[in-house]
Every structure is written in structure tokens, then in C-alpha cells.
Amino acid sequence: MKMSTAVIQKNPIESEHRSYLLRFAPWPAGTTALAFEIWVALAVTLYIAFALELRSAASAGTGLLILVGPTQGMVLSKAIYRIAGTLFGAVFAIILTSLFSQDRTMLIAVFSVYMACLVAIATLLRDFRAYGCILAGYTVALISIADVDAPTATFTAMLDRVAVILLAVLVLAFVSAVFATAESARSLQSKLRAATKDIVAMALATLDRRAPPDPSQCVAMSARLMPLRSEIGFATPELLDGWARAKGARSALLGLFEAISAIQAIGLGLRNMSAASSTVDSAISIVHAAIVSQRPEKRLADIDAVTQQALEAESLSIDEAYILDRCKFMIEVFSDIRDGLLSNRVGQLPRRSASLPVHQDYIAAVLNGLRVGLAAGIVGLLAVLSGLPGASLMILGTIVFVSLGSVLHDPLAMGRAAILMTPAVIITGTIYGFLIFPNISDYPLFIISLAPVVTVTCWLIKTGKGPMGIFYGVQSISLLSPANVQALDPTTFVDTAAFLVAGSGCIFFSLLLIVPVDPALRRLRLALAVGRTLRGALADENPLNQPKASLHYDRLIQFSSWQNGEAVTPARRNVMKRLSDLGNLSLAVRRSWKALDQARIAVDPAIDAKARQILPTLSPVEILDLSRTYLAAAAGLDRSKRLDLIHAAAALYGTAVLTTSEMRLLRHLKLLRHRL
């Protein structure tokens, strides 16, 4: 996901993204190795396809270039989902052709609906699962639509299509294993360690300044962390014990998100302190020592001892209790982070199994599906009306790249790639078709001549221009159509190039005009989702399914990204702060319900009933009074039951403080039933 430059901070330790200058053009590290690996895989794939005399041998080349990713892990992950998507699409293509073999209009209409449904599902998925879902759709186009005038050839085309895809996937997997470098796994470990170091620095700065970090700083840190969720999946297939390392990485990554929330909570509590406190000073010293150590959990007993000592001395105020509770939580969080990092490094299972939920925009999914369905239907209808046998090429290009573009953060990026790279594709095809291929008769020279195409594709992908790289590589091989006997037919070449230009125009205008993306509406839906989450928290919906900090920060990241890189004005900063406060309030309310459940057996039933009645009202005065009541009740209990009541008091106090800071917004949302 491309994030707003106003909130993203670059990772200074991302050595794998360092660049060198070659004639004023960036040449990212690893580009040469990746290009050589893909070129070797292409050489082996095409050789086997030619030897087996597969009818669609050229599809092996295009299929392989679609699999290109910046790292080995990305390539393997993409290959797995590509196999699944191809097999599913091949079966559906046979079913669709058998039902509408004599009706081109109905075939395209049903296919448009089918493609729209798959793109909608793919929008809700991330990483290469989304790609596999889209592939299940356009595989039908490559089989049924491409042979719409020859339905009897569909079964043969299906077998050919499956054969070339499996060939490309297996060869690329084998070549990747030969050149295995575990780049994704090493990169993931490096980024997790760097992020942990930076979050420790953020925590220490918060403790020293005794004030919370700026919300934009937290969003920027989260924007660094969220892509690691995908990289965990990329790194998993690179090593034999990758599944165990992935569990550790997920636990550590969730801990890093939780640490950001804990830092904000402690900073808020410290800022609200009315006077200096030796108890708080002792807690800060303990946290200082704990979060920089490899075994933070060893200091949990020290925090509990400070809490018990202050309570027995009858000097523990509610704001001190809140800070002590959040300090304990921070130590627990860093304990999970250290355990996850160790698990990811050595391949052992972590203490906890964590999930990383993210925000799902179901309306965007429907709109993306509608865009692809309409584009496929309109272009397909035009192709049917034209009556030209080669018009299926225009349909295929539109379907493939509009579908791939729709699941991008910026769909129009694929449209711009189609417009910008089409001249380069045609120039490449002209040079190879008229100057290079006619003068080559041997396979070694033929495959060596394709090295520049592979290199340019890999270079574009490595420099962050993925849509341009995929479009150039796939369309170049498609236009060249490598075959056992390479025959030059100028008329066919011109017709193919013309349909390529027409298809590129269809791709661009489909993404530009059909259900265009509205960033303002995306931001509005994100804000409404934050409000719905808070309403669900107040009603204590799904109490066993506690919310994860990753969901909260993913919403903030997406909201920031849909600002389109505009300058961070005070008004935008204020909006981000309010969304952050509402998300943190949701977490605080959920934490309060859970704390009330834990403290139920140790507190008077009348107090428990009153707390459960008042918490959904978000009345800050009454909730604050309740927190003091729980703290006072803890003083009269034995040591084993005190901590549960102190935790409940701290949770209620945090809810009251966050409610007070956003009274106007909560009243506007009709979530505040009592006025201050």
C-alpha cells in the first residue's frame, strides 16, 4: 500500500532497498540477481514448452513474468496461489463453455458477473491470495473467451493452459530453490528488530518527556509495521520451519502495535499527573530497565510490589494506579515482542498464537467488482459487435489488467502503466519481430536475446513500479509470441499491436471513468467504521473476540493514505487525533468490560451492577467516581485479589479520561448519554 508521504518515515536500516546510480538511473540492490534468476527460469520453461510442443507455449513466458516479485518468498507465495487459481478457473471455464457454447453474448454476460464476484472477494483479501482469486477469473477468459468462436477447442485449450501454468510455476519454484537466499526471511527479521529498537526509543522518550507522542508519529510508525504483515507470508515458504517463524513474527508484530497503544496510554497518564509522585518515578525506572532487556517479564513482580506497597501505605491515587497498570501492560507487551522475535529467529513456537486483523471495506469491494464487471461487459459487447476474430485480445488485456488494478490501493496506477508502457511494448515487439528474431535460428541465441526484456521488467518492479513492470513484461512476451518456429507475419503483428493499443485505452478509461475511486468517501467510511467499533464496544458485543490494535492502526493508516499526500494542516492533524482517540477509547471500553468480569468475584455485587449500568453511558464523572470506588475497595482485600480491582479501576479511569477529551465529538455521534 502506498502511504501518504506526510506520515511515512523511511526505515534507515532497510539495506535491501539501497540504490546505486548507473547513468543517473537507480539500480536497486538485488536487481541483477533477480533478473538472472527469472531469465534462467524463462529459458528452462520455454525450452520444455517447445520440446513438448504445447500449443500456448508463449503463455508459459507470460505466466512466468506475472509471477515475478522482488524477493524469492514473494515468487513462491505467488506461485502457490497461481496454481490454485488456475485449476479453479480451468474447471469453471469448461462449465461455462458447455452451458453457453453457442451464445457469445450470454457467455460474456455470465463471465462478467463471475469476474465481478471474484474481484470483490479479492478486494477483501490481501497479498497473493487476492491475485489467486483474480487469476481464477481471468483464466476463464484465457480459455473460454479466447476460443469463443471455437468452443470445441475449449477442453484442449484448458489442458494446454493448465500445463503451461504448472510448468512455469514448477520451473520457477525449482530455480528459486537453487538460487535460494532466504531474502524475505532475513529482511523480515531485520525490519522487526529495527522497528522494535525504534519503538523502544519512542517509549523511552515518552517516559522522559512525560507526555504522549504525537498521533501522526504513531501513524507513521504503524505505516512501517503494517507491510510486515504481508512480508510474514512471503517469508514463510522460504524455510522449512517457516510456519513456526511466521507465528513468532505475527506475535511480535501484534506486540509492536500494542506497544504503540501502551506508549500513548502511559504518556496520557503522565501528562495528567497533577503532582510529582515517587511511586510513579519508581515505576518509570522499572519500565526503563525492562523494555531494553531481553527478559522484560522478570520485572513484572517489581511493578506489582510497588503497587502493593503504595496501596498498603494508603497513598495510591487513581492516576497513579492507572500509570502503574499501563506500565505493567507495557512490560507484558515487550515480553511478547521479545518472545516473538526469538521464535522468528530460531524457528520455535512462540508463547501465544496471534492474529492480525485489518480493516475491510465491503463497499469498496462491491464497487471494485462492479467496475470490473461493467468493463468486461462493455468491452466484450464491443468485441462481439465488431465481429473481428482478434478482438478477444482486447477483451483479455482489459479483463486481466483492470482486475489487477482494481485491487491496488490506487487503481488508476495500472491504467497509467498501460498508457505509458504500451509504446515501449510496441517498440520492443517491433525490434524483436523485425530485426532480432529473423536473424536468429538457434535456441541459445533466442533466449539470450530475451534477457533485456526480463531485466527491464525486474528493474521496474525493484524500483517500486510494479504495475509498469508487470504490464511491460507480460504484454511484450504476449506480443512477441515465442514459438518453435518463429514466423514473421507483418499483418498479424500490426493487428495484434492495434488491439494492444485499443486494450490499453480500454484499461485506462475503465479505471478512470467506471466507478472511479473517491478518496473523500473512503475516508468517510473509515471514520464511520471507527464509530461502529465504538458502539459495539459500548454494547459489549462479542466479548470473547477482543479487538486487536492492528485493526485500529490499519484504519488510521488507510485514512492517512487516502489524503493523497496532501500537506498535513492543523485541521488534518486534529482529525487524525480524534480518530486515534476514538479508536483508543474503543480499546479502553473493551478493556473495562474485561476488567469488570475479572473483578466481579472480589467486589460488592451492587458496585459491579452499577459499573455495568454506567459504563455504556460514557458519563465521565460517574465513570471516574466508579474507578475511585474500585480503588478504595481494593484496599480492604487480601493481596491476591487487590490487583484485579486495581486493574478495573485503571481501565475505568482510562475510559473516563479519553471520554473527557472527545466530549463534543461523542455528543455529536450521539454516544454520550450524560453531559459533563
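Residues numbered from 1 in each chain as written. Predicted model: local features only at pLDDT ≥ 70, side-chain atom pairs only at ≥ 80, totals over all residues. Heavy atoms only, no water.

### Quick word on the overall build of the chain
No. 1: A count of helices and strands for the chain gives 27 helices and two strands.
No. 2: When contacts within the chain are restricted to residue pairs at least 6 apart in sequence, long-range pairs at least 24 apart make up 81% of them.
No. 3: Here the chain has roughly 28500 Å² of accessible surface; of this, 63% comes from carbon and sulfur atoms. (Helix = DSSP H or I, 4+ residues; strand = E, 2+ residues; numbered from the N terminus. Contact = heavy atoms within 4.5 Å. Areas by Shrake-Rupley, 256 points an atom, 1.4 Å probe, with all protein chains shown as cover.)

### Examining unusual backbone geometry
No. 1: In this model, Arg210 sits at a positive phi of 60°, which is unusual for a non-glycine residue.
No. 2: Within the secondary structure layout, Arg210 lies in the loop between α7 (183-209) and α8 (215-225).
No. 3: A relative accessible area of 33% places Arg210 in the partly exposed class.
No. 4: Positive phi, normally seen in glycine, also occurs at Glu314, with a value near 55°. (Buried < 20%, exposed > 50% of the residue type's maximum accessible area, 1.4 Å probe, protein only.)

### Remarks on the pattern of salt bridges
No. 1: All told, the structure shown has 24 salt bridges when counted by the stated rule.
No. 2: Across the pair Glu662 and Lys577 runs a salt bridge, and its minimum N-O distance is 3.8 Å. Separated by 85 residues along the polypeptide, Glu662 in the loop between α26 (639-661) and α27 (663-668) and Lys577 in helix α23 (residues 570-599) bring together distant segments of the chain.
No. 3: For Glu662, a relative accessible area of 5% gives the class buried.
No. 4: One continuous salt-bridge network, built from bridges that share partners, spans Glu258, Asp336, Asp339, Arg351 and Arg352. (Salt bridge = Lys/Arg side-chain N within 4 Å of Asp/Glu carboxyl O.)

### What about the packing of aromatic side chains?
No. 1: Taken as a whole, this structure holds 14 aromatic pairs when the rule is applied.
No. 2: Ring geometry for Phe111 and Tyr114: centres 6.4 Å apart, planes at 45°, overall tilted. Of this pair, Phe111 and Tyr114 both sit in helix α4 (residues 104-124), three residues apart, which is roughly one turn of that helix.
No. 3: For Tyr114, a relative accessible area of 10% translates into the label buried. (Phe/Tyr/Trp six-rings, centres within 6.5 Å; stacked < 30°, edge-to-face > 60°.)

### Some words on the confidence of the model for the chain
No. 1: Across the chain, the average pLDDT comes to 85, with 89% of residues at 70 or higher.
No. 2: By mean pLDDT, the top-scoring element of the chain is helix α13 (residues 318-346) (95), and the lowest-scoring one is strand β1 (residues 19-22) (39).
No. 3: Below pLDDT 50 for its whole length, residues 1-24 participates in 45 contacts with residues either more than four positions away or in separate chains. (pLDDT = per-residue confidence, 0-100.)

### Quick word on the nonpolar core
No. 1: Counting residues in hydrophobic clusters, the biggest one holds 110 residues, and the most contacted among them are Ile199, Leu225, Met330 and Tyr630.
No. 2: Of all the elements, helix α10 (residues 242-271) adds the most residues to this core, at 15 residues.
No. 3: In contact with Met330, not counting residues within four places along its chain, are Ala203, Ala262, Ile263, Ile266, Val287 and Ile291.
No. 4: Judged by nonpolar contacts, the second largest core, of 100 residues, contains Leu42, Ile165, Ala375 and Leu450. (Core = buried A, V, L, I, M, F, W, Y, C linked by side-chain atoms within 4.5 Å.)

### Some thoughts on the environment of Arg104
No. 1: Along the chain, Arg104 turns up in helix α4.
No. 2: Residue Arg104 is classed as partly exposed on the basis of its relative accessible area, which comes to 28%.
No. 3: The sequence separation of Arg104 and Leu381 amounts to 277 residues, and the corresponding C-alpha distance is 9.2 Å.

### Considerations on a nonpolar patch on the surface
No. 1: On the surface, Ile363, Leu367, Leu370, Leu374, Ile378 and Leu382 cluster together into a nonpolar patch covering about 510 Å² of accessible area.
No. 2: Mapped onto the elements, Leu367 comes out in helix α14 (residues 362-386).
No. 3: Overall, the relative accessible area of 31% leaves Leu367 in the partly exposed class. (Patch = residues over 30% accessible without salt bridge, like charges linked within 9 Å, V, L, I, M, F, W, Y side chains within 5 Å.)

### Considering the packing of helix α21 (residues 519-538) against helix α22 (residues 549-561)
To describe two helices that pack against each other, one gives the angle between their axes and the distance between the axes.
No. 1: In the contact formed by α21 and α22, the axes pass within 9 Å of each other and the chain directions differ by 160°. With respect to α22, the element α21 is oriented roughly antiparallel. Crossing of α21 over α22 shows left-handed handedness. Of the residues in α22, those in contact with Arg523, Leu526, Ala529, Val530 and Thr533 of α21 are Arg555, Gln558 and Phe559.
No. 2: When its residues are assigned to classes, the contact of α21 with α22 shows four nonpolar, two polar and two charged. (Axes fitted to C-alpha atoms, helices over the stretch in contact; angles between N-to-C directions. Parallel < 35°, antiparallel > 145°, perpendicular 65-115°, else oblique. Left-handed = near helix turned anticlockwise from the far one by under 90°. Nonpolar A, V, L, I, M, F, W, Y, C, P; charged D, E, K, R; others polar.)

### Here's the deal with the environment of Ala141
No. 1: Here Ala141 is to be found in helix α5 (residues 128-145).
No. 2: Residues Ala141 and Phe111, 30 residues apart in the sequence, show an inter-C-alpha distance of 8.0 Å.

### Digging into the state of the cysteines
No. 1: A full pass over the atoms with the stated rule returns zero disulfides.
No. 2: Cys133 supplies the cysteine sulfur nearest to Cys117, a cysteine that is in no disulfide, at a spacing of 9.9 Å.
No. 3: Among the residues examined, Cys133 registers a relative accessible area of 12% and is labelled buried. (Disulfide = S-S within 2.5 Å.)

### Overview of the side chain of Asp325
No. 1: If you trace the backbone, Asp325 turns up in helix α13.
No. 2: Residue classification places Asp325 among the buried positions, given a relative accessible area of 12%.
No. 3: Residues within four places of Asp325 in sequence aside, it is in contact with His647 and Ala650.

### Regarding helix α2 (residues 57-66)
No. 1: The element α2 is largely enclosed, with a buried count of nine among its ten residues.
No. 2: All of the buried residues in α2 are Ala57, Ala58, Ala60, Gly61, Thr62, Gly63, Leu64, Leu65 and Ile66.

### Brief notes about the packing of helix α1 (residues 31-51) against helix α18 (residues 451-462)
No. 1: Viewed as axis vectors pointing N to C, α1 and α18 meet at an angle of 135°, and their least axial separation amounts to 9 Å. One finds that α1 runs oblique with respect to α18. Relative to α18, the crossing made by α1 is right-handed. Here Thr31, Leu34, Ala35, Ile38, Trp39 and Leu42 of α1 come into contact with α18, specifically with Ala451, Val454, Thr455, Cys458, Trp459 and Lys462.

### Considerations on the side chain of Ser592
No. 1: Relative to the helices and strands, Ser592 resides in helix α23.
No. 2: A polar contact is formed between the side chain of Ser592 and the side chain of Thr655, at a distance of 2.9 Å.
No. 3: If we ignore the near neighbours within four places in the chain, the residues touching Ser592 are Leu615, Ala651, Leu652 and Thr655. (Polar contact = N/O pair within 3.5 Å; in protein donor to acceptor, adjacent residues only side chain to side chain.)

### Concerning the environment of Ala527
No. 1: Tracing the sequence through the fold places Ala527 in helix α21.
No. 2: Residues Ala527 and Val575, spaced 48 residues apart in sequence, show a C-alpha to C-alpha distance of 9.7 Å.

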